[in-house]
Number of protein chains: 2
Amino acid sequence: MKFNKITPELAEAMASIVGREYMVLPVDQEGMARYTHDETEDLRYLPEVVLKPKNADEISRIVCLCHENFIPVTPRGAGTGLSGGALAVHGGVVLSMERLNAIIDIDERNLQATVEPGVITQVFQEAVMARGLFYPPDPSSRGSCQLGGNLSESSGGPRAVKYGVTKDYVLNVEVVLPTGEITWTGANVLKNATGYNLTQLMVGSEGTLGIITKIVFKLIPYPTQNLVMLVPFRKEEEAAAAVSNIFIAGIVPSALEFMEREAIVWASRYLGLGMTMAEDERAHLLIELDGNDMDLLYKDAEQVYGVLEKFDVGDILVADTEKQKEDLWRMRRSVGHAVKSNSIYKEEDTVVPRAELPVLLRGVKEIGERYSFKSVCYGHAGDGNLHINIVKGDMSDDDWNNKLPEGIKEIFRLCVSLGGTISGEHGIGLVQRPYIGIALNEVQLRLMQGIKQLFDPHGILNPGKIF
Amino acid sequence: MKFNKITPELAEAMASIVGREYMVLPVDQEGMARYTHDETEDLRYLPEVVLKPKNADEISRIVCLCHENFIPVTPRGAGTGLSGGALAVHGGVVLSMERLNAIIDIDERNLQATVEPGVITQVFQEAVMARGLFYPPDPSSRGSCQLGGNLSESSGGPRAVKYGVTKDYVLNVEVVLPTGEITWTGANVLKNATGYNLTQLMVGSEGTLGIITKIVFKLIPYPTQNLVMLVPFRKEEEAAAAVSNIFIAGIVPSALEFMEREAIVWASRYLGLGMTMAEDERAHLLIELDGNDMDLLYKDAEQVYGVLEKFDVGDILVADTEKQKEDLWRMRRSVGHAVKSNSIYKEEDTVVPRAELPVLLRGVKEIGERYSFKSVCYGHAGDGNLHINIVKGDMSDDDWNNKLPEGIKEIFRLCVSLGGTISGEHGIGLVQRPYIGIALNEVQLRLMQGIKQLFDPHGILNPGKIF
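Quick caveat, the model's predicted, so the values are computed rather than measured.

Trainee: Looking at this structure, how should I read the overall build of chain A?
Mentor: The helix and strand tally for chain A stands at 15 helices and 18 strands. Relative to the compact-globule value of 23 Å for 467 residues, chain A shows a C-alpha radius of gyration of 22 Å, a close match. Summed over all atoms, the accessible surface of chain A reaches about 16500 Å², with 49% contributed by carbon and sulfur. Charged side chains of chain A number 46 positive and 63 negative; the gap between the two group centres comes to 2 Å.

Have a look at this one:
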């Protein structure tokens, strides 16, 4: 795809659409800096211009200009992505959604909410919680990430295991297409058998098919009670194996997270929590049960204990206070940042059927030995979604850049051979793009590229991502 | 789209693929009869040939022949559809999936199952229930419909209100594309952020984008307890209004069904149940709560009573025995057939945000008065999904054929104006096709038709449906 550069005339036209104060140019190095990266490794890409539009109409006018003039457009949420999805790899326009940040309506009669994409996930969660309602998707970055980004990457989080991921709460979206038209994708209903599912085609499309400008979410009643426990295991693989056994026993926890020893050690140190743990505790499961009746949760917990008894576990910590629960969750959510603060790393977002987790974990370690890399594994084990943080440590630059990718390929091939795939919730974006052929066959790729061509004939929207 | 007729040579080639005993020709009037209609009104379309392949490979070879020769192919499940989706309106091949009827694997370790599309829904439900597992989608026709048809129409059923519709349980599908290639659409995982969501594009595409040959379902633990009650209301609109109030109180029932008086009277008569009801009872809600703890269900029921107290309700019947529960459900499931046995009718499958149900119901009656049609309304009120059975009764053929469609348009426009759409779970198929422009705008239609063209460049797969 051949793109043009933004001429001074085009820049002028863009400024007149959004207003000069909502345009950032490279000359403003400080203002530009935050738009050049996301949370993916250490990648930096400088756009030609950052625009901060206020609404779908302004976005449509910008996109029309870019469509006509073959200028790349990269939509951007909060830049918390882990696959490079918000990076302007071909230059052009970065379209920051930060000013589309209104919670338009919380409809308590219908248990629905309409929001703009730039709303921070946690802000939205708290706004609906204040009305007794629950928006379950909770990526670790929920304090800073935006809902539009969550949709684009089909984000998950710990509670997906019981409540589903972002896509399961999206009823309808308003989008600006790469050709400039503004349309809704569906209707504000819980069931829809009216034509193809454009809504679910847009969700998870990583900003390559359209720019999300409004979202209608489904909400559910807020569960009033929960119970959180931390379970130490003496063998990593036993922790992974316990996961599927809990479900087989008929229990669906509201979270079921796996953390290798290092994940906890590093996160605890990062947060200054000063957690101690026995030398022989190699991995932990963080288990949350929720509902509206504490007695029932205790009964469920008894069943969970029954499962855990069959494994070599240490002392189970049941959180007594809200503070203790919050500390455990803060620790879990900080693992990514803790690892990052420790070393350059790559985060792989593998996912397999959950009973295959022990095989995946064993495989990752075995591949790591052969390719001389160290990995810290953790993640949403209840969903079979294992984050593998590969830390650079003492690895040479040459091995990191040239040898490691072969090891990553082996990990991904293992995932696919187990019925899984290469991304559960982070997306393909830029960094997993070289591996897409491991997960998708030629027919699937042809169909996806055909869909891309249909929506975006000039290929201007978030080019260089997915394929 | 211009199609060719099946020549004797082509018929011969088809016979050699599936075997002559699995081919039905029009000369066999008796054998052919069941393939000429579904449950939609009284429509009849005669295909040129019915083929009963055994596997994806045979289907691929048939589809390749048809693609090369511009022969229409209409995939067919059990023919229980309510929108004419399985009717061969352009002749050609009807591809019956009845021999692809294996439950390939019930994976208790991963709570997944792999099936062929011709498995009867209830057979599958009972097979997984025998392992303590739950496949919730339960269209009224579950005793005879097939899973492949359920996927194609994105079927729902009463339990969708708590558990979601068919699409929410589909992890991955194997399809034969209209060009003959065989591919899976995704991976066997609970979360997938790897490229566009081809799985959800295929689900609900009404057999126009591919022929489903295998399905991987997600399963959940089976809830062990339930509580069923029938609540009579003296005003239809109050019954409709009570629905959203139950959710607002924080209760998510496992079913919340609305039935107008006539729906119950006709179904009770049809089944010979001999139910009596007070003259002033105009509508009923059938409410089911489920879970694993009977005490908790009683507590939830108390909260439901608290909501119902605010409305003018009669004596609430709480089913005491499994037999009584089964009778109530049998009655609910028979409404469609009961109405059909009473008169020629059209069934509209409207859906709106649930709190708008009273407005929809009032609107339907008002429109019915103006256009002189009688309607019997019932359905999955918890989802805002109201089935409107318009009975012909004494209506003249002229009014039925020419005046009524205008009334239906008014109903659909009302749905859309309330944030809803024209089909919740039956699909557009043939019979709602004239109304698609009410629900979808030009941009949406252009994208959908573009997707159709991409998947099926010769337009052979289920032509004449949706658009």
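Trainee: Explanation requested: the relation of the copies chain A and chain B in the structure shown.
Mentor: The operation linking the two copies of the chain is a rotation about an axis combined with a translation along the axis. For the pair chain A and chain B, the relating rotation is 180 degrees, the translation along its axis is 0.0 Å, and the fit reaches an RMSD of 0.0 Å. Here the two chains are linked by the operation of a two-fold rotation axis. Taken as a fraction of all interface residues of chain A, those also at the interface in chain B reach 99%, which identifies the copy contact as same-surface.

Trainee: Please clarify how the packing of aromatic side chains should be interpreted in this entry.
Mentor: For any pair of aromatic rings, the description consists of the separation of the ring centres together with the inter-plane angle of the planes. All names here are of chain A. Here the structure, examined in full by the defined rule, presents 18 aromatic pairs over all chains. Here the aromatic rings of Phe124 and Phe217 are separated by 5.3 Å at their centres, their planes lie at 35 degrees, and the arrangement is tilted. Linking Phe124 in helix H4 (residues 121–129) with Phe217 in strand S10 (residues 211–218), this pair joins segments that are 93 residues apart in sequence. For the pair Phe124 and Phe217, a shared accessibility class is recorded, and that class is buried. Members of the aromatic cluster, each reached through a chain of ring pairs, are Phe124, Tyr135, Tyr169 and Phe217. Sitting above the plane of the Tyr22 ring, Arg99 keeps its charged end 3.3 Å from the centroid. Sitting over the face of the ring of Phe247, Arg354 holds its NZ or CZ atom 3.5 Å from the ring centroid.

Trainee: What is the right way to look at the sheet that holds strand S3 (residues 73–76) of chain B in this model?
Mentor: As a general point, the strands of a sheet are linked pairwise by backbone hydrogen bonds and lie either parallel or antiparallel. All names here are of chain B. In space, the four strands of this open sheet follow the order S1-S2-S4-S3, with mixed pairing throughout. The sheet is open, and its two edges are formed by strand S1 (23–24) and S3, each paired on a single side. When strand S2 (residues 49–51) meets strand S4 (residues 93–96), the two strands line up parallel, connected through three bridges. Considered in S4, the bridge of Leu51 is made with Leu95.

Trainee: Whenever I open this one, the pattern of salt bridges confuses me. Can you help?
Mentor: In a structure, side chains of opposite charge can pair up when their charged atoms sit close to one another. Residues and elements named next belong to chain A. One pass over the structure, following the stated rule, counts 65 salt bridges over all chains. A salt bridge links Glu279 to Arg261; the shortest N-O distance between them is 3.9 Å. Of this pair, Glu279 sits in the loop between helix H9 (261–271) and strand S14 (283–291) while Arg261 sits in helix H9, and the two are 18 residues apart along the sequence. Judged by its relative accessible area of 64%, Glu279 is exposed. Taking the shortest distance from any N to any O, the salt bridge between Asp327 and Arg330 comes out at 3.5 Å. Separated by three residues within a single helix, Asp327 and Arg330 lie in helix H11 (residues 322–342), roughly one turn from each other.

Trainee: Please clarify how the confidence of the model for chain A should be interpreted in this entry.
Mentor: Detailed conclusions should not be drawn from predicted coordinates in areas where pLDDT is low. Per-residue confidence for chain A gives a mean pLDDT of 96, with 100% of residues at or over 70. Our summary of model confidence lists the complex with pTM equal to 0.97 and ipTM equal to 0.97.

Trainee: Teacher, can you tell me more about the interface of chain A and chain B here?
Mentor: Note on interface size: it is often stated as the accessible area lost on association of the parts. Taken together, the contact between chain A and chain B spans 83 residues of the former and 82 residues of the latter. Summed over both partners, the interface of chain A with chain B buries about 6300 Å², with 61% contributed by carbon and sulfur atoms. A per-residue breakdown of the area chain A buries against chain B is headed by Lys191, Thr194 and Tyr196 of chain A, which together make up 15% of the total. At the surface where chain A touches chain B, the tally comes to 10 salt bridges. As a salt-bridge pair, Glu425 of chain A and Lys191 of chain B come within 2.7 Å of each other at their nearest N and O atoms. Remark: the boundary between chain A and chain B carries 34 residue pairs in polar contact (both at pLDDT 80 or more).

Trainee: Quick question: what am I supposed to make of the domain arrangement of chain A here?
Mentor: All names here are of chain A. For chain A, the assigned domains read domain 1 (103–221), domain 2 (225–336) and domain 3 (342–424). For domain 1 versus domain 3, the distance between C-alpha centres works out to 30 Å. On the side of domain 3, four residues touch domain 1, which itself brings five residues to the contact. Across the domain 1 to domain 3 interface the summed buried area is about 310 Å²; carbon plus sulfur atoms make up 51%. For domain 1, the biggest contributors to the area lost against domain 3 are Gly157, Pro158 and Val161; these three give 72% of the whole. Across the contact surface, domain 1 and domain 3 share zero salt bridges.

Trainee: Please explain the packing of helix H12 (residues 357–371) of chain A against helix H13 (residues 397–417) of chain A as it appears in this structure.
Mentor: Two quantities define a packed helix pair, namely the angle between the helix axes and the distance between the axes. Residues and elements named next belong to chain A. Here H12 crosses H13 at 160 degrees, and the two axes come no closer than 10 Å. Judged by the inter-axis angle, H12 sits roughly antiparallel to H13. Considering the relative orientation of H12 and H13, their crossing is right-handed. Contacts from Val359, Leu360, Gly363, Val364, Ile367, Arg370 and Tyr371 of H12 reach H13 at Lys403, Glu406, Gly407, Glu410, Ile411, Leu414 and Cys415. Looking at the contact of H12 with H13, its residues break down into eight nonpolar, two polar and four charged.

Basis of the calculations
- Residues numbered from 1 in each chain as written.
- Chains lettered and ligands numbered in written order.
- Predicted model: local features only at pLDDT ≥ 70, side-chain atom pairs only at ≥ 80, totals over all residues.
- Heavy atoms only, no water.
- Helix = DSSP H or I, 4+ residues; strand = E, 2+ residues; numbered from the N terminus.
- Rg over C-alpha atoms; globule rule 2.2 N^0.38 Å.
- Areas by Shrake-Rupley, 256 points an atom, 1.4 Å probe, with all protein chains shown as cover.
- Lys, Arg positive; Asp, Glu negative; His and termini not counted.
- Charge placed at Lys NZ, Arg CZ, Asp CG, Glu CD.
- Least-squares fit on C-alpha atoms with pLDDT ≥ 70 in both.
- Contact = heavy atoms within 4.5 Å.
- Phe/Tyr/Trp six-rings, centres within 6.5 Å; stacked < 30°, edge-to-face > 60°.
- Buried < 20%, exposed > 50% of the residue type's maximum accessible area, 1.4 Å probe, protein only.
- Lys NZ or Arg CZ within 6 Å of the ring centre and 35° of its normal.
- Pairing = 2+ DSSP bridges.
- Salt bridge = Lys/Arg side-chain N within 4 Å of Asp/Glu carboxyl O.
- pLDDT = per-residue confidence, 0-100.
- Buried area = accessible area lost by both parts, 1.4 Å probe.
- Polar contact = N/O pair within 3.5 Å; in protein donor to acceptor, adjacent residues only side chain to side chain.
- Domains from an automatic or database assignment.
- Axes fitted to C-alpha atoms, helices over the stretch in contact; angles between N-to-C directions.
- Parallel < 35°, antiparallel > 145°, perpendicular 65-115°, else oblique.
- Left-handed = near helix turned anticlockwise from the far one by under 90°.
- Nonpolar A, V, L, I, M, F, W, Y, C, P; charged D, E, K, R; others polar.

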